Amino acid sequence: MKLKPIAVIAVAFGAFATLGVAEEDYTSPTRPANTVSNSKPSVWLAANDLSIATGKPSLVPMSKGSVHIPIWSMSGGTVGQSVAGLVGELPDDCAAVKVEIVVTTTDASTSSRFEDVYRVHLSQMVENASFTSQYYRGRPVRTKLPDAPFQTRTILLDPYYEVVPNAPLAIRIQREPGDPADTFIRPTGLALVKVTPVAKVKKSHVVQDVNGYNSWPMMQAIGKKLVCTYSRGAKHTISEDARATYARTSTDGGKTWTPETVVADTPNYGEVPVGKGLDSDGAMLLWVRRVGPDWQHDLYRTTDGVTFTLVATPKFEVQPIQITDVFAVPEVGLMCLWFGGSYSGKRPNAWGTLTSRDNGTTWTQNTVESDLARSQWPTEPSAAYLGDGRIIAVARTELGDISTVRSQFQLESTDYGVTWTRSQTNITDVAASTPSLVYDTETGLLSNYYYHRGEGVLRRRVVDPQKILGHPLDWPDAEAVAVGSRVKFDAGNVNATKIGDTHYLSFYSGKEPNTAVLVSEIPAPTPAASDR
């Protein structure tokens with residue numbers, strides 16, 4: 001198969017006044033976090049390099065005036081149409097690939113009122129192994145159409161798919177008109193598939209990897225010191241008596257850690273850190289869930305990350321499954337979000353806020369929504385105060401494979417947390433992916449970190465929150481910042497903090513019964529030149 005050089009494709013598209021494909025690699029709204037090597041050229045597959053895989057898509061010319069370009073016409077009404085191609089050459093030092101597609105429309109009804117949805121299927125032909133052993137079924141990706149036909153859209157389908165160098169890569173592109181988000185019932189045209197070799201992400205540091213299920217960490221900076229709390233038990237359970245909460249500290253960015261100290265180890269209870277933050281004096285607060293003969297949440301305070309003092313064990317009208325990170329809200333005091341119910345759907349589901357006006361000694365519980373179906377239930381949320389009474393939070397979802405269900409929630413308040421709106425986002429590359437937000441007041445950028453369980457990739461999306469408040473479908477593309485185990489529930493649960501211009505991300509990774517707590521240090525994002 002002959003691979004199309006970038007210049008040939010660009011020249012062809014340059015014939016359209018309203019179409020164009022840049023020769024440089026994809027650029028996000030932020031500077032990339034050392035994941036993409038710009039020196040590695042992309043591989044382009046034109047329409048003629050692809051063939052029918054499923055259904056009956058049509059290879060047709062897209063015409064305007066005297067210019068005709070071959071595209072694959074993908075139906076907006078017929079489910080199960082896809083095309084496939086093969087990339088035979090990837091660099092020896094290629095750790096992963098980023099897959100994008102270039103699509104357009106010719107129909108006069110094209111409008112940004114509509115969306116379409118695509119999915120990528122990937123596998124490799126590795127020597128002496130089944131070519132299905134590396135199969136990956138990507139998540140549905142929904143995007144808005146442009147305001148008029150004959151305009152180019154470059155859609156990122158996956159930013160980091162790990163590959164075996166020199167093994168042929170099979171790619172299948174599928175439109176998903178059966179997804180409720182695909183509201184454009186007319187055909188779209190697939191013109192190009194772009195495959196970009198990606199360098200390996202920076203290796204994470206180990207916080208704790210002794211034998212046992214080291215998991216569910218919480219990370220908080222106290223000044224220039226990192227404090228990482230985590231729990232350890234025998235397996236992926238929260239109530240076992242063997243499970244206790246521990247802490248270690250680091251003053252060199254997570255490279256080395258002080259000896260482990262015990263935060264909580266109550267007989268007959270399993271204890272897990274579930275939320276962290278700072279009080280009004282700059283001390284660290286830590287919520288620890290204690291499950292055994294009963295179900296409690298204990299709040300601890302520490303000024304050094306070594307000695308933790310019990311502050312409160314509140315009683316709640318609605319029992320939370322979890323209380324999440326603490327943040328400060330002017331005119332309110334300390335705030336955190338909670339959620340209660342059942343992951344299995346056996347109990348009514350609810351969520352709301354907790355507020356404290358006395359620096360954490362007492363708490364007031366407020367229920368925002370109750371009696372929610374699992375598909376409408378925001379779990380394990382992370383929140384940030386943006387100023388002027390505005391709060392934004394992102395929460396995970398628990399089920400589904402269509403984009404309108406399998407997507408993170410966005411929660412918004414404009415009145416200091418009194419009332420809220422809940423929407424689903426366009427963030428669909430998730431699988432029980434707990435988010436962690438970091439808002440940088442200096443740059444005005446919001447970072448959303450989440451671990452894609454089962455795929456073993458820790459992702460980040462960075463945005464000016466003004467662009468997504470009231471517009472939850474406008475989150476920009478993701479980038480990969482760390483990798484871990486692909487064992488679905490034996491890795492994940494990122495929790496982030498910030499020191500200076502660096503973000504520190506704790507998560508866990510491994511395979512039951514032994515997992516490790518890790519930390520990655522990632523440069524804080526800065527606005528792209530075009531946004532300055």
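All of the points below concern the structure found in this document.

Scoring rules and cut-offs
Residues numbered from 1 in each chain as written. Predicted model: local features only at pLDDT ≥ 70, side-chain atom pairs only at ≥ 80, totals over all residues. Heavy atoms only, no water. Core = buried A, V, L, I, M, F, W, Y, C linked by side-chain atoms within 4.5 Å. Buried < 20%, exposed > 50% of the residue type's maximum accessible area, 1.4 Å probe, protein only. Helix = DSSP H or I, 4+ residues; strand = E, 2+ residues; numbered from the N terminus. Contact = heavy atoms within 4.5 Å. Phe/Tyr/Trp six-rings, centres within 6.5 Å; stacked < 30°, edge-to-face > 60°. Lys NZ or Arg CZ within 6 Å of the ring centre and 35° of its normal. 1 Å grid on protein atoms, 1.4 Å probe; cavity = no way out; pocket = protein on both sides within 12 Å on 5 of 7 lines; lining within 4 Å. Points joined across faces, edges and corners; volume = space filled by probe spheres on them. Nonpolar A, V, L, I, M, F, W, Y, C, P; charged D, E, K, R; others polar. Pairing = 2+ DSSP bridges. Axes fitted to C-alpha atoms, helices over the stretch in contact; angles between N-to-C directions. Salt bridge = Lys/Arg side-chain N within 4 Å of Asp/Glu carboxyl O.

## Quick notes on the nonpolar core
In terms of nonpolar packing, the biggest core is built from 29 residues, with V97, I101, L169, I171, I173, L190 and V193 touching the most fellow members. Counting only elements with at least two residues in this core, the list comes to strand 1 (43-46), strand 4 (67-74), strand 5 (82-87), strand 6 (96-104), strand 7 (115-124), strand 10 (153-162), strand 11 (169-175) and strand 12 (188-198). Here this core takes 4 residues from strand 6, the largest share from any one element. Those residues in contact with L190, other than ones at most four positions away along the chain, are A47, L50, I71, W72, M74, V83, I101, V102, V103 and I173. Core analysis: the next-biggest nonpolar cluster, separate from the first, contains 18 residues, F339, L372, I391 and F409 among them.

## Overview of the packing of aromatic side chains
The full count for this structure, using the stated rule, is 13 aromatic pairs. An aromatic cluster is built from Y213, W216 and Y508, whose rings are joined through pairwise contacts. The ring of Y246 is capped by R232, whose NZ or CZ atom sits 4.3 Å from the centre of that ring. The ring of Y269 has R290 lying over it, and the distance from NZ or CZ to the ring centre is 4.8 Å.

## Considering the environment of Y135
For Y135, the position within the fold is in the loop between strand 7 and strand 8 (136-137). A C-alpha to C-alpha distance of 7.4 Å links Y135 and H121, two positions 14 residues apart in sequence.

## Observations concerning empty space enclosed by the protein
Across all of its chains, the model carries 1 cavity of 30 Å³ or more by this definition. Of the voids in this model, the largest cavity is the one considered here, and its volume is about 30 Å³. As for the largest cavity, its lining consists of K202, K203, S204, H205, V481, S520, E521 and I522. Considering each element in turn, the lining of the largest cavity owes the most residues, 3 residues, to strand 37 (residues 514-523). Looking at side-chain class alone, the lining of the largest cavity contains 2 nonpolar, 3 polar and 3 charged residues.

## Some thoughts on the sheet that holds strand 33 (residues 457-463)
With antiparallel pairing, the 4 strands of this open sheet are ordered in space as 31-32-33-34. Lying at the two open borders of the sheet, with one neighbouring strand each, are strand 31 (435-440) and strand 34 (479-483). Averaged over all pairs of adjacent strands, the angle between their axes in this sheet comes to 25°, without regard to strand direction. Sheet topology note: the strand 32 (residues 445-452)/strand 33 ladder contains 7 bridges and is antiparallel. By the bridge assignment for strand 33, S447 is matched with V462.

## A short note on the pattern of salt bridges
Inspection of the entire model under this criterion finds 23 salt bridges. Among the salt bridges present, the one from R486 reaches E162, with a minimum N-O distance of 3.3 Å. Here R486, found in the loop between strand 34 and strand 35 (492-499), pairs with E162, found in strand 10; they are 324 residues apart in sequence, far enough to count as distant. Where salt bridges share partners, they join R119, R137, R139, E176 and D401 into one cluster.

Honestly, it's all geometry; don't read function into it.
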